[in-house]
Amino acid sequence: MNNNPTVLEIKLSSIEHNLNFFRSKLQNSTKILAVVKASGYGSDAVRVAQFLEEQGVDYFAVAYTDEGISLRESGINIPILVLHPQLQNLDLLIRYNLEPNLYSKKIFLSFLKIASDSGVHAYPIHLKFNTGLNRLGFKASDVDFLFMHLKEQRSILVKSIFSHLVASEDENERKFTLEQIKKFQSIAASFESFLGFKPMMHMSNTSGILNYPEAHFDMVRLGLGLYGFTNDIQANLKLKNVLSLKSVISQIHEIEENESVGYNRGFISSKTTRTATIPLGHADGFFRSLGQGKVFVKVNGHKAPVIGNVCMDMIMIDVSDIICKEGDAVIIFDSQQEILEIAFQANTISYEILTAFGNRIKRVTQ
Ligand SMILES: *Cc1c(COP(=O)(O)O)cnc(C)c1O
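What counts, and where the lines are drawn
Residues numbered from 1 in each chain as written. Predicted model: local features only at pLDDT ≥ 70, side-chain atom pairs only at ≥ 80, totals over all residues. Heavy atoms only, no water. Buried < 20%, exposed > 50% of the residue type's maximum accessible area, 1.4 Å probe, protein only. Helix = DSSP H or I, 4+ residues; strand = E, 2+ residues; numbered from the N terminus. Pairing = 2+ DSSP bridges. Core = buried A, V, L, I, M, F, W, Y, C linked by side-chain atoms within 4.5 Å. Contact = heavy atoms within 4.5 Å. Near = heavy atom within 4 Å. Polar contact = N/O pair within 3.5 Å; in protein donor to acceptor, adjacent residues only side chain to side chain. Areas by Shrake-Rupley, 256 points an atom, 1.4 Å probe, with all protein chains shown as cover. 1 Å grid on protein atoms, 1.4 Å probe; cavity = no way out; pocket = protein on both sides within 12 Å on 5 of 7 lines; lining within 4 Å. Points joined across faces, edges and corners; volume = space filled by probe spheres on them. Nonpolar A, V, L, I, M, F, W, Y, C, P; charged D, E, K, R; others polar.

Burial of the side chains of strand S1 (residues 7-10) extends over both faces: Val-7 and Glu-9 are buried on one face and Leu-8 and Ile-10 on the other. Relative to strand S19 (residues 362-365), S1 runs parallel, the two sharing four bridges. Across the sheet, Val-7 pairs through a bridge with Lys-362, a residue of S19. Relative to strand S10 (residues 243-248), S1 runs antiparallel, the two sharing four bridges.

What follows is the structure, given as structure tokens:
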């Protein structure tokens, strides 16, 4: 039960619009893997995944095994790739029909053993190659090792090989990115000649889809774009806003000149001031760095600056010039532009703002 009046609204029709925008950038045969890790980029992974399954996406990816289990338990049927499954969860993957990314010799051999012990046949796995990110993945020179172990067994089947772009959003790194794509293609070519068939290949995230059509291959991994953002201002204009954060006024104070508001007297009034207190704080992902007038929220259509220091559970805003009363609605943001402004003021990127919303905020899909 969550009766918190602070609510994150998730507009499914905008997700549909955004999905179709990216579809229009792809060949008909290119599959779409929707990335719903980290609660669907802070939204509601289950509801978003249920919706996207109806919209005909081909695959889901999550970061961790638990996230995949929660999707299966909510009735998701299409394949789910677990990007970072962790050694201690490998048996759970098979139990919940989740497809692991195997990225090192150690995790590969462990999963192969668990798969053969459990008697599965042609269990789908995915192999990730490191082409420059140096995060997770086999080296190109590990291909021989993989061949040797794949040859004489029937428990697992390489469904796809993939890699991840380092700087797909950065035009200045075009040369590096093209090099990554070439490395990946050469790994894929050696795979095909050995296996006698070509596993699916995928490499592109949201900005890879827009900037590197030559790296779409058989499938793309679409995350941030579904939720309304790219790293390209022009493309952003074509996407619809998915997330709106709304709250209410808990209390209004009339204060005299020279009074202070909030911890450490972060705001001192220079005149008679009317303040409103909102139930949203840094524990909810409204960063402390957003206090001191850095951002505005909206009350009855007017902008009200956040004043003083952000508390753990509350913020205070200046409503001196706004007609409003306790219980009135407050819009923290309801456009991509406002979310980007919040990210800018907090010295970060949209990804971090979206995934910072705490559990206390109620998610409502519409
Ligand atoms: C998170 C993630 C994605 C999605 O990236 P976006 O930029 O959000 O589209 C794709 N691939 C991998 C491996 C990821 O970890």
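With 113 residues, the main nonpolar core has Leu-52, Phe-60, Phe-108, Phe-111, Leu-127, Phe-191 and Ile-317 as its most contacted residues. Residues in contact with Phe-191, not counting those within four places in the same chain, are Leu-127, Phe-129, Val-143, Leu-146, Phe-147, Leu-150, Val-158, Ile-161, Gly-196, Phe-197 and Pro-199. By size, the runner-up hydrophobic cluster in this structure holds six residues, among which are Ile-255, Val-261, Phe-267 and Ile-307.

By nearness alone, 13 residues border the ligand, and Lys-37, Tyr-41, Thr-206, Leu-224 and Tyr-351 come closest of all. Lys-37 places a polar side-chain atom, nitrogen or oxygen, 2.7 Å from an oxygen atom of the ligand. Within the side chain of Thr-206, a nitrogen or oxygen atom sits 2.5 Å from an oxygen atom of the ligand. Look at the ligand: alone it shows 390 Å² of surface, and the protein chains cover 93% of it.

Glancing now at the layout of surface pockets. Taken as a whole, the largest pocket holds about 740 Å³ of empty space. Looking at the largest pocket, it is lined by 33 residues, and the ones nearest its centre are Lys-37, Tyr-41, Arg-135, His-164 and Tyr-351. Broken down by element, the residue count for the lining of the largest pocket peaks at three residues, all from helix H11 (residues 336-345). Tallied by class, the residues present in the lining of the largest pocket amount to 18 nonpolar, ten polar and five charged.

Turning our attention to the environment of Lys-159. If you trace the backbone, Lys-159 turns up in strand S7 (residues 156-162). Separated by 82 residues in the primary sequence, Lys-159 and Asn-77 place their C-alpha atoms 17 Å from one another.

On to the pairing of strand S15 (residues 296-299), then. Along S15, the buried face is formed by Val-297 and Val-299; none of Phe-296 and Lys-298, which line the opposite face, is buried. Relative to strand S16 (residues 302-307), S15 runs antiparallel, the two being bridged by four bridges. In the strand pairing of S16, Val-299 is matched with His-302. Here S15 hands over to S16 after two residues, with Asn-300 in that stretch at a positive phi of 45 degrees. The sheet contact formed by S15 and strand S18 (residues 329-333) spans two bridges and is antiparallel. When the sheet's bridge partners are listed, Lys-298 is paired in S18 with Ile-331.

All right, on to empty space enclosed by the protein then. Evaluation of the coordinates by the stated rule reveals two cavities of 30 Å³ or more. Approximately 60 Å³ is the volume found for the largest cavity. Lining the largest cavity are Leu-245, Leu-280, Asp-284, Gly-285, Phe-286, Leu-290, Ile-332, Phe-333, Ile-342, Ile-353, Phe-357 and Ile-361. For the lining of the largest cavity, the residue count by class is ten nonpolar, one polar and one charged. Roughly 40 Å³ of internal volume is contained in the second largest cavity. As for the second largest cavity, its lining consists of Lys-128, Phe-129, Asn-130, Thr-131, Leu-133, Asn-134, Arg-135, Leu-136, Ser-163 and His-164. Grouping the constituent residues of the lining of the second largest cavity by class yields three nonpolar, five polar and two charged.

This is a description of form; function is not addressed.
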